[in-house]
Amino acid sequence: MKRLLFLFLLLGVSGFSQDFTSVDAKVKLYPSYISPEKLANKIAQDFNDDASKVRAAFKWLTNNIRYNLEEYYQPKRVIQFRYSTEKERLSKLQALKDKLVKDAFIRKIGVCEEYAQSFKKLADLLGIEAEVIKGYVRNSAQEIDRVPTTTNHAWNSVKINNRWVLLDATWAAGYIFNGKWVKNYNDYFFAIAPEKIGRTHFPNNRKWQTILNQNSINDFYSQPIYSQAFLKTNLELQTPKKGNISVNRSKKVVLNIKNLSPNDRFYYNYSGQRYSKKAIISYHGKVAKVVIDNPGRNSDLHLFLNRDLALIYKVFVR
C-alpha cells in the first residue's frame, strides 16, 4: 500500500491547458446513444489522443444525462447481495455497476453514482485508467460543522499523460434551483484544480486525501461553503476561514480577502432578506477588508462576487 501511495504521489494531480472547442462541437452533434459501447466506439473513431477522448466522454454525459431529482429526494434502499468468495463479490458488484450504467444510458437520467460509473465505464472501454471517488460535498449553510455518517457524492479521477485529472460530471451538468434541476454546463468541474477541490470535495479514501493534501473531515466541514464563482478566481480567503462566525451585536462582520480587484464588488444578504446590499471594501496592500452589517440575530450569510454566489457562512450574534 505504501508503494502504491508513493506512486500516486509521484504521478501527481494536474489540470488541462488544452483547447477542447473542436471536441465539444463534434460531440454536440452526437446522437443520444443507448449504450456506452456504441458511444465509446464513436469516440475512438473520432479522436486519437486520450485527453480528447476523456473530454468527449465527459461532454456527452453532461449533455445527455439529466439529474434524477426524485432519486435525490427519496434515495433507494441499499442493495445487498450474498457471496462466498472475493471473486464472486467483485463479479456481482461489477454486474450492479454495469446495470446502473445501462439504465442511465437508456433512461438518460441518474444521480452522481450514475454519472461517475458511466464515465468510468467509458474510460474502461477506451482503455484509459480511471477511478470512481466516493466522498463528501456540501451545498448549504446547514451543512457547516455537521459531518454526515455516510458519503453523499461520487466523482472521478482519470489518468492523462501519467497525471491524474479530477472531474465531476454531476456538478458540471447543472444544478438544483428552487427544487428543480437546471441544465447548465459548468466547465469549472472538468479538470478541477487540485489545490482548490478540497474546498468543495472530500474523498472517503485515505489515499486520495493524502494525494490532495487534505486534513480531517471535521476540518472540511468547518469551512465556509465555497462556490466556483470564488474558486475559479485567484482570490484567497484570509479570514475568517471557519464557516461559523461569532460576532458581538455591536460589531460588524469583517472578511479579509487577498487579490480582490478594485473593479470587483461584494454583495450580501442574510437569510430572509429580499434584497442584497453592497459590502464596504477598503484595501490594505493586496488584502481587501470587506465589511458587512451585523444581522442582529443568528442568520445565514450569503456573499456574492459581482452578483454570483461566492461564499456562505453561518453568523451567530452574541
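Here the residue index of a chain counts from 1 through its sequence in written order. The predicted origin of the model limits local features to residues at a pLDDT of at least 70 and limits the giving and counting of side-chain atom pairs to 80 or more, whereas totals for whole chains, interfaces and linings rest on all residues. Processing note: side-chain calculations cover all non-hydrogen atoms of the structure and skip hydrogens and water entirely.

1. Some points on the overall build of the chain
Right, so step 1: The way it works is that DSSP assigns letters per residue, a run of H or I at least four long becomes a helix, a run of E at least two long becomes a strand, and they are numbered from the N terminus. A count of helices and strands for the chain gives eleven helices and 18 strands.
Right, so step 2: Values of the radius of gyration come from C-alpha atoms, whereas the globule rule sets the reference at 2.2 Å times the count of residues to the power 0.38. In terms of overall size, the chain behaves like a compact globule, its C-alpha atoms giving a radius of gyration of 21 Å where 318 residues would be expected to give roughly 20 Å.
Right, so step 3: With respect to the three principal axes, the spread of C-alpha positions in the chain is 65 × 45 × 45 Å.
Right, so step 4: When a residue's accessible area, from a 1.4 Å probe over protein chains only, is under 20% of the maximum for its type it is buried; when over 50% it is exposed; and in between it is partly exposed. Looking at the chain as a whole, 45% of its 318 residues qualify as buried.
Right, so step 5: Any two residues whose heavy atoms approach within 4.5 Å are treated as being in contact. Summarising the internal contacts of the chain: among those between residues at least 6 apart in sequence, 63% fall at separations of at least 24.
Right, so step 6: As displayed, the chain has an accessible area near 17,400 Å², and 49% of this comes from carbon and sulfur atoms.
Right, so step 7: Taken as two groups, the 51 positive and 28 negative side-chain charges of the chain have centres that lie 6 Å from each other. Accessible areas in this description were obtained via Shrake-Rupley with a 1.4 Å probe; residue shielding takes into account the shown protein chains only. Charged residues are defined here as Lys and Arg on the positive side and Asp and Glu on the negative side; His and the ends of the chain fall outside this count. To locate a charge, take NZ of a lysine, CZ of an arginine, CG of an aspartate or CD of a glutamate.

2. Focus on the environment of Arg163
Right, so step 1: Inspection of the secondary structure assignment puts Arg163 in strand 5 (residues 163-167).
Right, so step 2: With 150 residues separating them along the chain, Arg163 and Val13 place their C-alpha atoms 5.5 Å apart.

3. Quick notes on the sheet that holds strand 3 (residues 130-137)
Adjacent strands of a sheet form backbone hydrogen bonds with each other and so pair up, either parallel or antiparallel.
Right, so step 1: Any two strands are treated as partners once DSSP identifies two or more bridges connecting them. Strand order across the open sheet formed by four strands is 5-4-3-8, with antiparallel pairing between neighbours. Where the open sheet ends on each side, the last strands, each with one partner, are strand 5 and strand 8 (201-203). In this sheet, adjacent strand axes meet at a mean angle of 45° when their direction is disregarded.
Right, so step 2: Pairing of strand 3 with strand 8, which is carried by three bridges, proceeds in the antiparallel orientation. When the sheet's bridge partners are listed, Tyr136 is paired in strand 8 with Phe202.
Right, so step 3: Axes here refer to lines fitted to C-alpha atoms; in helices the fit is confined to the stretch in contact. Angles between the N-to-C directions go from 0 to 180 degrees. Sheet strands in contact with helix 4 (residues 50-64) are strand 4 (153-160) and strand 5, and its direction is about 160° off that of strand 4.
Right, so step 4: Each of strand 3, strand 4 and strand 5 is contacted by helix 7 (residues 112-125), which is oriented at about 20° to strand 4, the strand it contacts most.

4. Let's talk about unusual backbone geometry
Right, so step 1: Along the chain, Thr239 connects to Pro240 via a cis peptide bond; the corresponding omega equals -10°.
Right, so step 2: If you trace the backbone, Pro240 turns up in the loop between strand 10 (236-239) and strand 11 (244-247).
Right, so step 3: For Asn178, which is not glycine, the phi torsion reads 50° and is therefore positive.
Right, so step 4: Overall, Asn178 belongs to the exposed group, its relative accessible area being 67%.
Right, so step 5: One non-glycine residue, Arg307, lies in positive phi territory at about 85°.
Right, so step 6: For Arg307, the position within the fold is in the loop between strand 17 (299-305) and strand 18 (308-317).
Right, so step 7: According to the relative accessible area criterion, Arg307 is exposed, its value standing at 58%.

5. Some remarks on the layout of surface pockets
Right, so step 1: In this structure, the second largest pocket occupies an estimated 400 Å³ of space.
Right, so step 2: Lining the second largest pocket are 17 residues, and of these Gly198, Arg199, Asn213, Asn215 and Gln223 sit closest to its centre.
Right, so step 3: Considering each element in turn, the lining of the second largest pocket owes the most residues, three residues, to helix 10 (residues 217-222).
Right, so step 4: Three categories are distinguished: nonpolar for Ala, Val, Leu, Ile, Met, Phe, Trp, Tyr, Cys and Pro, charged for Asp, Glu, Lys and Arg, and polar for the others, with Gly belonging to the last. The residue inventory of the lining of the second largest pocket, partitioned by class, reads five nonpolar, seven polar and five charged. Method remark: on a 1 Å grid restricted to protein atoms, a set of points is classed as a cavity if a 1.4 Å probe fits but cannot get out and as a pocket if it is open with protein on both sides within 12 Å along at least five of seven lines; lining residues have an atom within 4 Å of a point. Grid points are joined across faces, edges and corners, and a volume is the space filled by probe spheres set on the points.

6. Quick look at the pattern of salt bridges
Right, so step 1: By definition, a salt bridge exists where a carboxyl oxygen of Asp or Glu is found within 4 Å of a side-chain nitrogen of Lys or Arg. All chains considered together, the criterion is met by twelve salt bridges.
Right, so step 2: Linking Asp124 and Lys120 is a salt bridge whose minimum nitrogen-to-oxygen distance equals 3.0 Å. In this pair, Asp124 and Lys120 are both assigned in helix 7, four residues apart and thus about one turn of the helix distant.
Right, so step 3: Take Asp124: its relative accessible area is 40%, and that puts it in the partly exposed class.
Right, so step 4: Classification of Lys120 by relative accessible area gives partly exposed; the value is 22%.
Right, so step 5: Between Asp293 and Lys252 there is a salt bridge whose closest N-O contact spans 2.8 Å.

7. Examining the sheet that holds strand 10
Right, so step 1: Strand order in the open sheet formed by four strands is 10-12-16-15, and the pairing between neighbours is antiparallel. Either end of the sheet is taken by a strand with one partner, and the two such strands are strand 10 and strand 15 (280-284). Within the sheet, the average angular offset between the axes of one strand and its neighbour, ignoring direction, is 30°.
Right, so step 2: Bridging between strand 10 and strand 12 (residues 253-258) involves three bridges; their strand directions are antiparallel. Its bridge partner being in strand 12, Glu236 is matched across the sheet by Lys258.

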